[in-house]
Amino acid sequence: MGAVVGTSILLFLQFFSLVHGTFARGPPPDIWPKALLKYLSSGDNITIYVPALYVFGDATVDAGNSPHLNPNKIGELIPYGQNLPGIPKGRVTNGRTIVDFIAQLVGLPFPPPALGMSDAEKQNTKTGINYASQSSSINSYVPRGVEASVGKSLCFDQQIGLFENTIQDLKTQFRSNEDYSQYMSKSLFFINIGSDDFALAWDMEFNRNNTPDAYARSISNMTRRQLRRLYRLGARKFVVNNVPPLGCQPFNLYRKHVTTGCVEDINELVSTYNKLLADLLAKLQSTLPESKFVLADAYKVFEDAIAFPKSYGFTTAKDACCSAPIPEPSMLVCNASTPVCEEQNARLYFDPSHPSERMHFVWASRLLIDSSVCSPLNLLQLMQA
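Quick caveat, the model's predicted, so the values are computed rather than measured. (Residues numbered from 1 in each chain as written. Predicted model: local features only at pLDDT ≥ 70, side-chain atom pairs only at ≥ 80, totals over all residues. Heavy atoms only, no water.)

(A) A look at the pairing of strand β4 (residues 292–296). For β4, the tally of buried residues reaches four of five residues, placing the bulk of the element in the interior. With five bridges connecting them, strand β3 (residues 237–241) and β4 associate as parallel partners. Residue pairing for β4: Phe238 is matched across the bridge by Phe293. Bridge count for β4 against strand β7 (residues 374–375) is two bridges, and the pairing is antiparallel. Across the sheet, residue Leu295 finds its bridge partner in β7, namely Ser375. (Buried < 20%, exposed > 50% of the residue type's maximum accessible area, 1.4 Å probe, protein only. Helix = DSSP H or I, 4+ residues; strand = E, 2+ residues; numbered from the N terminus. Pairing = 2+ DSSP bridges.)

(B) Spatial organisation of the environment of Leu115. Secondary-structure assignment places Leu115 in the loop between α4 (98–105) and α5 (119–124). Once the C-alpha coordinates of Leu115 and Leu162 are considered, the two residues, 47 residues apart in sequence, prove to be 9.2 Å apart. In contact with Leu115, other than residues within four places in its own chain, are Asn65, His68, Leu69, Leu154 and Leu162. (Contact = heavy atoms within 4.5 Å.)

(C) Seen up close, the sheet that holds β4. Pairing is mixed across the open sheet formed by five strands, whose spatial order is β1-β2-β3-β4-β7. The two strands at the open ends of the sheet, each matched to only one other strand, are β1 (53–57) and β7. In the sheet, β1 pairs with strand β2 (residues 188–192) via five bridges, with the strands oriented parallel. Across the sheet, residue Phe56 finds its bridge partner in β2, namely Ile191. Packing of helix α7 (residues 156–170) onto the sheet brings it into contact with β1 and β2, and relative to β1 it is tilted by some 160°. Across the sheet, helix α11 (residues 212–232) is in contact with β1, β2, β3 and β4; its angle to β3 comes to roughly 160°. (Axes fitted to C-alpha atoms, helices over the stretch in contact; angles between N-to-C directions.)

(D) Seen up close, unusual backbone geometry. The omega torsion across Ser375 and Pro376 is 5°, close enough to zero to call that bond cis. One can find Pro376 in the loop between β7 and α16 (379–384). Unusually for a residue other than glycine, Ser135 sits at a positive phi of about 65°. The topology assignment puts Ser135 in the loop between α5 and α6 (144–150). In this structure, His257 takes a positive phi of about 60° despite not being glycine. Along the chain, His257 turns up in the loop between α12 (250–255) and α13 (264–287).

(E) Geometry of the confidence of the model for the protein chain. Confidence along the protein chain averages 86 in pLDDT terms, with 84% of residues attaining 70 or more. With pLDDT under 50 throughout, residues 1–5 is counted as low confidence; its partners more than four residues away or in other chains account for nine contacts. (pLDDT = per-residue confidence, 0-100.)

(F) Here's a closer look at the state of the cysteines. The tally for this structure, following the rule as stated, stands at three disulfides. Put simply, Cys248 and Cys262 are joined by a disulfide, and their sulfur atoms are 2.1 Å apart. Since a negative S-S torsion denotes a left-handed disulfide, the Cys248-Cys262 link at about 105° is right-handed. A residue pair is termed long-range when its members are at least 10 positions apart, and Cys248 in the loop between β3 and α12 and Cys262 in the loop between α12 and α13 qualify at 14 residues. Disulfide pairing is shown between Cys322 and Cys334; the S-S distance is 1.7 Å. Between Cys322 and Cys334 the disulfide shows an S-S torsion of about 45°. By sign, it is right-handed. Here Cys322, found in the loop between α14 (298–307) and β5 (349–351), pairs with Cys334, found in the loop between α14 and β5; they are 12 residues apart in sequence, far enough to count as distant. Residues Cys322 and Cys334 agree in their burial class; the two are buried. If you count the bonded cysteines of the protein chain from the N-terminus, they pair up as 1-2, 3-6, 4-5. (Disulfide = S-S within 2.5 Å.)

(G) Looking closely at the pairing of β2. Across the five residues of β2, five count as buried, placing the element largely inside the fold. Residues Leu188, Phe190 and Asn192 point to one face of β2 and Phe189 and Ile191 to the other, with burial holding for every one of them. Bridge analysis of β2 against β3 gives five bridges, and the strand direction is parallel. Residue pairing in the sheet places Leu188 in a bridge with Lys237 of β3.

(H) The nonpolar core, seen in detail. Counting 51 residues, the largest nonpolar core has Tyr54, Phe56, Phe163 and Phe238 as the members making the most contacts within it. Per element, the largest residue contribution to this core is eight residues, and it comes from α13. The residues touching Phe56, leaving out its near neighbours within four places in the chain, are Val61, Tyr131, Ala132, Phe156, Gln159, Ile160, Phe163, Phe189, Phe190, Ile191, Asn192 and Leu230. In this structure, Leu36, Phe308, Tyr349 and Val373 belong to the second largest nonpolar core, which totals 48 residues. (Core = buried A, V, L, I, M, F, W, Y, C linked by side-chain atoms within 4.5 Å.)

(I) Seen up close, the pattern of salt bridges. Tallied over the full model, the rule gives 10 salt bridges. Among the ionic pairs, Arg91 bridges to Asp100, the shortest N-O distance being 2.7 Å. Residue classification places Arg91 among the buried residues on the basis of a relative accessible area of 5%. For Asp304, the salt bridge identified is with Lys300, shortest N-O distance 3.5 Å. Here the residue Asp304 and the residue Lys300 both occupy positions in helix α14, the gap between them amounting to four residues, near one helical turn. Under the relative-accessibility criterion, Asp304 is labelled buried at 0%. In the salt-bridge network here, residues are joined through shared partners; they are Asp157, Glu164, Arg225 and Arg229. (Salt bridge = Lys/Arg side-chain N within 4 Å of Asp/Glu carboxyl O.)

Next up, the structure:
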């Protein structure tokens, strides 16, 4: 980014200032929909109908699946989830995630973690489910060193498999195939995955026998197959996030001993994949009837906030709230003995690899109204389509 904040960002910041205000501990539970309606006060014809929100991805959007795979691991530990009293633990942040904010906006309950649901809940839930898993990857092969460091996970294929089981129950809840098809066509499929393919997995194993370009292409080909599988299962409205600038995460800054700027070779690898993903989504939409594939540019959202942290209400984008510089890649998590900063939402990152609740809110807000980071439709337009 240049030194001047672009027009689209300035417009977004006006909205963000209105919605978020100066709440150091995060926005009150109902500020998001209320402020949105105020901001769009002239939009009497705006109608948002999203019957369900289905979530696939990694730790950033996990709502509690990983504790069922790895008891007493990240997300279950203090201080995670401090701003969500009474909510099952498992979120790798201090409060709500981008998915929680989107659900709140459209009047849906937070999508429950699939692995925490009873059989009765699975058979009667029509508002969406969260299949995301910490350390999840697009690649179904997880290097043993990665699993030893971060625990078991559900790869993208396994998450889609769980969704395939879900739709067997879903179909019985509708009077006709037409009703079911209408429900699926209006439901939102939110996907945030890929970071773990380009973080530890690359460094630990895949860089040995791959060039960056070849590896990015292989992950893109896997993504194509998985998205087409979801389409065959009935998904029509997709929000697919690209991979954020991992080289700017505190974890990689600490690990690579970088004190200024970001770890550029990591960001270059991520950018190679992100370009392939943009082309892939455009091709899928042009070839799959009635599909809507929206590219959510998480890379730019985080890049902008890192470049202009004060504009987004952050005191720093370099240091995580609950960590000191870490000597080993395995030390990714906060725990009860880790010092926690006083103003948790004044930091872009809550732990060395995962954003704070405030950053989740920035992310959701920008996707909602800012067409420079969400194309060919912004999130609001997609939900109205």
